[in-house]
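The lines below spell out each chain.
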Amino acid sequence: MSTQLSTQATRQAAEALARSKGEPNWLVELRGEAAELAGTLGWPKPEKVRIERWNLTAVGSYEQPSAVSAISELPEAVRELVTEGTENLIVQRNSGTVWNQFSSELASKGVIFTDLETACKEHGELVQNYLFKAVAKDEDKLTALHAAIWNGGIFVYVPKNVEVELPLQAIFYNDNAEATFAPHILIVADNNSRVTYVDCVVSESGANSAPFVHPSIVEVFVKPGAHVRFSTIHQMAETGVDMSIRRSIIENDGQMEWIIGDLNDGNTLSDTKSILKGTGSNSDAKVISVGKNAQQNSLTTQAVHFGKSSDSNMVTRAVMKDSASAIINGITKIEKGATKANGVQTEKVLMLSPKARGDANPILLIDEDDVTAGHAASVGQVNPEQVYYLMSRGISKQDAERLIIYGFLAPVVSEIPVEAVRGQLQRLLERKLEG
Amino acid sequence: MATHFVIDGLKAAIDGKEILKGINLEIKGGEIHAIMGPNGTGKSTLASALMGHPKYEVTEGKALLNGEDLLEMSVDERALAGLFLAMQYPSEIPGVTNSDFLRSALNARLGEGNEISLIKFIRKMEGKMKELEMNPEFAHRYLNEGFSGGEKKRNEILQMMLLDPSIVILDEIDSGLDIDALRIVSQGVNAMRSEDRGFLIITHYQRLLNYITPDFVHVMMQGRIVKSGGPELAERLENEGYDWVKEELGIVDETVGQA
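Residues numbered from 1 in each chain as written. Chains lettered and ligands numbered in written order. Predicted model: local features only at pLDDT ≥ 70, side-chain atom pairs only at ≥ 80, totals over all residues.

**As for the overall build of chain B**
Scanning chain B from terminus to terminus reveals eight helices and twelve strands. Here the C-alpha radius of gyration of chain B, 18 Å, is about what a compact globule of 259 residues would show, namely 18 Å. The principal-axis extents of the C-alpha atoms in chain B amount to approximately 60 × 40 × 35 Å. Counting over 259 residues, chain B shows a buried share of 44%. The long-range fraction of contacts in chain B, counting pairs at least 24 apart against all pairs at least 6 apart in sequence, stands at 72%. (Helix = DSSP H or I, 4+ residues; strand = E, 2+ residues; numbered from the N terminus. Rg over C-alpha atoms; globule rule 2.2 N^0.38 Å. Buried ≥ 20, exposed ≤ 12 C-beta atoms within 10 Å, placed from the backbone. Contact = placed C-beta atoms within 7 Å.)

Pasting the structure below:
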């Protein structure tokens, strides 16, 4: 059941849509090429999960966004995610941006925070240097399809030596399964800059009884000495298929932090990769996932070391209920010449039902002798000794298990940089774990 | 109500192998009982079976706390009924802070609608921690994770102090404790002595009993209490070991359930 994107038609359609939106020629061309590629390339093939069995065809069609004039006009599901008094917020609803708010103070420092469509028009040259440079449009059908149809999105540029104190927040909201929902997030942190970016991907469960797909790509460029903290929570309804590819290229002494909450109710492909290009570059990735019903999750973290003395750490924690499954891949690759590199990864799955499935696959690929690397993986159920210990203090079995499960996820949850998002994550976990 | 705890003909097995072969013991509020005995005689099994450890199967007998049979209850119900076991090997629970755990436990004990406010709880916890000379940072550490043996034992006593149980079992609370820690832990226990509370102290060594004076001392061998007496019995065991007891009772191998 693969997408039969009839090449000609789609190329024309992609180009026509791009032109109708007034996109620059280079982008129109890029979309056309990508559409053609999407017709010939195959879907990505993650380990042990056959995504081609998922409903990948429901990419919908473009829906003209209608901007709102106040946050109060946004749907409840969006409003509850907004940090009170925030100055930097972009909201995408279905196919385009409906709210765009950015502090003039940051703008005056040369920081750019806008939707990517606007950025392509207003900062075309800058965007062109980076767009689809970390993730190539011709990697597979997913990247090509995304390149052809992406919409809304985010562009962040932080100039040299500028430190953005407050988090930049984005919310991607879907309440129309017929609408193409394919944000692209592009973050460029120039030398010695610093920025925290936080987003949520959410769909209106009531409104979305039809299948839909969220093909998204994140590209982050961490220039020498820069520090980017990226945090995202995905909470789409059961009918949604999430395919999110994230990639970062980290230069000398750059630091990348990924904090990812894969909490969708539908099938999820989540692939997060750091390319540690520079000497002394550093990447830290933390991923949590909770699966329920018959949901399938393919969660991959990767670190590829080119730089000397580069350092990576990857932690994935997944809790699987019912007959949900999580295939967790951790790949640490250390290239020849990356001396003194250090790569560590941990994948743990907690299964709450006999039918739940967890699979942790740590992989170390090392082509250099002078390195250190380590991995730990475990798949198991709630430890009965721990439950007994807590119950022996009068805590009920249900509460004991709850404490243990939250404790299992705590190493990631406690790292979420924005209070409102952390609170949202807590509520979400409660809903998913106890619902 | 005055605490009254009766263990009546308790038999328990692990993996189908009988370890406890009929334990009878009566503890009243205000009393401290010590159970001594060499390794492998069933002392810790008694503690675990009373608390309801899932690996131990009670095959016969009763454990009546103020008339209610604990053995009919789930583990949490036993705790709420007033039983507390300071464990020899407390579990480590990553991601759950000590203070969150303590508050959950205390609120479970107080019952719905009577929960303690956060401020009151913190004040109470900090006060008890001070008595036990615990570093305040232990409140924010994950439960028992990375605690030394002595720190875990102090944390057990901290829980006992907060939960105010009516029957306390201390399972080898003295193992892994240096003299200072032993003194502090013993002070904690002594401060909890009251007419409403009974203690059952399980130990290898008489050392602990220099700090906590028992009213009754029992010797356990082969899964039974084979000899009972007053504090002088503990002293004699300290001085002469267990051989004379074995000789007196004609026991060759004191252990039970060993392969």
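From this point, things continue past the structure.
**Here we look at the overall build of chain A**
Of regular secondary structure, chain A possesses ten helices and 19 strands. For the C-alpha atoms alone, the extent of chain A along its principal axes is close to 65 × 50 × 45 Å. Taking all 435 residues of chain A together, the buried fraction comes to 56%.

**Some details on the domain arrangement of chain A**
Residues and elements named next belong to chain A. Considered domain by domain, chain A is made up of domain 1 (48-383) and domain 2 (384-435). Domain 1 and domain 2 are separated by 24 Å when their C-alpha centres are compared. Of the residues lining the interface, 25 residues belong to domain 1; the matching set on domain 2 comes to 24 residues. Only β7 (194-203), β9 (227-235), β11 (255-262), β13 (282-291) and β15 (311-320) provide two or more residues apiece to the side of domain 1 that touches domain 2. Tallied by class, residues from the side of domain 1 that touches domain 2 come to 14 nonpolar, seven polar and four charged. (Domains from an automatic or database assignment. Nonpolar A, V, L, I, M, F, W, Y, C, P; charged D, E, K, R; others polar.)

**Concerning the confidence of the model for chain B**
Per-residue pLDDT for chain B has a mean of 94; in total, 99% of the residues score no lower than 70. Interface confidence for the predicted complex, given as ipTM, is 0.96, next to a pTM of 0.86. (pLDDT = per-residue confidence, 0-100.)

**Notes on the sheet that holds strand β6 (residues 184-189) of chain A**
By definition, the strands of a sheet pair up through backbone hydrogen bonds, in either a parallel or an antiparallel sense. All names here are of chain A. Here nine strands make up an open sheet; going across it, the order is β3-β4-β6-β8-β10-β12-β14-β16-β18 and the pairing mixed. The sheet is open, and its two borders are formed by β3 (112-114) and β18 (357-366), each paired with just one other strand. Ignoring strand direction, the axes of neighbouring strands in this sheet form an average angle of 5°. Strand direction decides the pairing type here: strand β8 (residues 212-222) and strand β10 (residues 240-250), joined by eleven bridges, are parallel. Bridge assignment links Phe212 to a residue of β10, and that residue is Gly240. Docked against the sheet, helix α7 (residues 141-149) engages β8 and β10, running at close to 90° with respect to β8. (Pairing = 2+ DSSP bridges. Axes fitted to C-alpha atoms, helices over the stretch in contact; angles between N-to-C directions.)

**Some details on the interface of chain A and chain B**
Think of interface size as the accessible area that goes away when the parts come together; that is how it is often given. Counting residues at the interface gives 21 residues for chain A and 21 residues for chain B. With ten residues, the top contributor of residues to the side of chain A that touches chain B is helix α9 (residues 397-413) of chain A. Of the residues contributing to the side of chain A that touches chain B, the split by class is twelve nonpolar, five polar and four charged.

**Observations concerning the pairing of strand β11 (residues 216-221) of chain B**
Both faces of the sheet carry side chains from a regular strand, because those side chains alternate between them. Residue and element names in this part refer to chain B. Taken across its six residues, β11 has five buried, putting it largely inside the fold. Relative to β11, strand β3 (residues 32-36) runs parallel, the two being bridged by four bridges. Following the sheet pairing, Ile35 is matched in β11 by His218. Where β11 and strand β12 (residues 224-229) come together, five bridges link them in antiparallel fashion. In the sheet register, Val217 faces β12, and the bridge partner there is Gly229. The turn linking β11 back onto β12 is made up of two residues, and Gln222 within it adopts a positive phi angle of 50°.

**What about the sheet that holds strand β10 (residues 198-203) of chain B?**
Residue and element names in this part refer to chain B. Read across the open sheet, the six strands follow the order β6-β9-β10-β3-β11-β12; overall the sheet is mixed. The sheet is open, and its two edges are formed by β6 (83-86) and β12, each paired on a single side. Taking the axes of each pair of neighbouring strands and ignoring which way they run, one obtains an average angle of 20° across the sheet. By the bridge criterion, four bridges tie β6 to strand β9 (residues 167-171) in an arrangement that is parallel.

**Examining the nonpolar core**
For soluble globular proteins, the rule of thumb is that nonpolar side chains tend to be buried together. Core analysis: the biggest nonpolar cluster contains 209 residues, and Val156 and Ile187 of chain A together with Ile169 of chain B have the highest contact counts within it. In terms of residue count, α9 of chain A provides more of this core than any other element does, eight residues in total. Per-domain counts for this core show at least three residues from each of domain 1 (48-383) and domain 2 (384-435) of chain A. In this view, Ile187 of chain A contacts Val156, Tyr197, Val220, Phe221 and Val228 of chain A; residues no more than four positions away in its chain are not counted. (Core = buried A, V, L, I, M, F, W, Y, C linked by C-beta atoms within 7 Å.)

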